[in-house]
Amino acid sequence: MLNKIPQIVKAILNPSRLLKKSYTVDALSLNIKTLGYEYARSLREQLTIPSNLSPQKINLQSKACQQNDIESNWFFYWCQEMKIPVAYHRKLWEFCYILQALYEYDLLTPGRKGLGFGCGEEPLPSILAAYDIAITATDLDPKASAAQGWIKTKQNMSSLEKIFRPELCTKELFTKNVNLKYVNMNAIPAYLEGKYDFCWSACALEHLGSIKNGLMFIENSLKTLVPGGISIQTTEFNYLEEEETLDNYGTVLFRKKDFEQITKKLTAAGHQVAPLDFNIGSRVLDRFIDIPPYYSQVHEIPQEAHLKLLFHRFASTSFGMIIKKAV
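Here's what I pulled together on the structure shown here. (Residues numbered from 1 in each chain as written. Predicted model: local features only at pLDDT ≥ 70, side-chain atom pairs only at ≥ 80, totals over all residues. Heavy atoms only, no water.)

### Describing the pairing of strand 5 (residues 196-202)
Within strand 5, 7 of the 7 residues are buried, which leaves the element mostly enclosed by the surrounding structure. Alignment of strand 2 (residues 113-117) against strand 5, held across 4 bridges, turns out to be parallel. Among the inter-strand pairings, Gly114 is bridged to a residue of strand 5, identified as Phe198. Bridging between strand 5 and strand 6 (residues 225-238) involves 6 bridges; their strand directions are parallel. Within strand 6, the residue paired with Ala202 across the bridge is Thr234. Regarding the hand of the β-α-β motif, the stretch spanning strand 5, helix 9 (residues 211-221) and strand 6 is right-handed. (Buried < 20%, exposed > 50% of the residue type's maximum accessible area, 1.4 Å probe, protein only. Helix = DSSP H or I, 4+ residues; strand = E, 2+ residues; numbered from the N terminus. Pairing = 2+ DSSP bridges. Right-handed = clockwise from strand over helix to strand, strands pointing away.)

In C-alpha cells form, the structure reads like this:
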C-alpha cells in the first residue's frame, strides 16, 4: 500500500479518480488508519503519569494485550525503566509484560541467570544486565536471518553491539553479564538445558514454521530452566476465530484452543501455567484493528493505535504466557 499513497493523494485531490474502486478503498483505509492513530495520540497526551512510580505486583495472568494495560502504572513504570515513551503499541506491551512477570516472580535480582530467545535488537538484554543478571541472548544465525529478511528489519541480533543500550546499562555491566549465542528455536541445544532461572521470547515463536512448532517450543523452553524456573512467552493471538487461522506459514496465528491445548499438556506434566485470560478488552483501541502498512519504530518512538492488527485477514493481538517449571 505504501507505493499507492501518492496515487491515493492524487485521487483525493481529483474526486473523479475516486470512481475507481481500488482508490476509494485505499483512501478510506488510509483515512481510518490516520484517525485511529490520531485518537491514540490524543489519548496519550491526556495520560497522567505519576512522577513517583515504583514497581508493583498485580497478580499478572497469561493474558491478551489491552488498552487498560497501557494506561496502568505498572506499564508506565517499565516504559520509564526502558526509557521508551508510553504509547499504545503491542510490542511495547510485550516488553513491559515480560519485565512485569519477572518482577512478580522476584527474578530481577543480582546473580540470576536468564535466557532470551529470538532477541533481535530488543532492549531487554541491556535492562536485565543492569540488574546484574547474567543473560544469554540468542537469535537465529545471521545468514539464516538475512534470508528471511530479519536483519533488514532490525529483528535479528547480528552482534552484541547491536543490542547494547548505553542509556539502560553501563558498558561494564553489559560486558560482564551478556553473551550471544546463535540458536534455532526449533532445535534448542542440549548445552542450554537446566541452567537458567528464567527464559523469555517476545513475539518470536510464531515464526517457527507452524503452530505445532510454536507449541513445541513453549514446552521445550522449560528444559532450559532450573526446577521452579519461569518461562515467559509472548506471541500472536487470533482472537476472533475459533478454528480458521494462519498455519504452516512464515508467521502463524495461535487461537484460544491452541493456548488451552498447551496449558493442559503442561499442567498434566506438573508445571504451573498462570491462568489464561482471553479478554481482549472493550475500550476504543481494543476494537480498533490497525491495517497495513505498519510504520512501527518501537525502539525509537513507537507508533500509536497498534494494539490489534489485521494480518492476512485475521485480527490479531499479542498474548503473553507465564509458565513455572515443575519443582
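### Regarding the environment of Ile230
Among the structural elements, Ile230 can be located in strand 6. The buried category is assigned to Ile230, whose relative accessible area is 2%. Expressed as a C-alpha distance, the spacing of Ile230 and Val273, which sit 43 residues apart in the sequence, is 9.7 Å. Setting aside chain neighbours within four positions, we find Ile230 in contact with Tyr105, Leu107, Asp197, Phe198, Cys199, Leu225, Ile322, Ile323 and Lys324. (Contact = heavy atoms within 4.5 Å.)

### Considerations on unusual backbone geometry
In most cases, non-glycine residues show a negative phi, while peptide bonds are predominantly trans. Its identity is not glycine, yet Asn59 carries a phi of approximately 60°, on the positive side. Locating Asn59 in the fold gives a position in the loop between helix 2 (21-46) and strand 1 (62-64). Backbone geometry places Asp106, a non-glycine residue, at a positive phi of 55°. Within the element layout of this structure, Asp106 appears in the loop between helix 5 (90-104) and strand 2.

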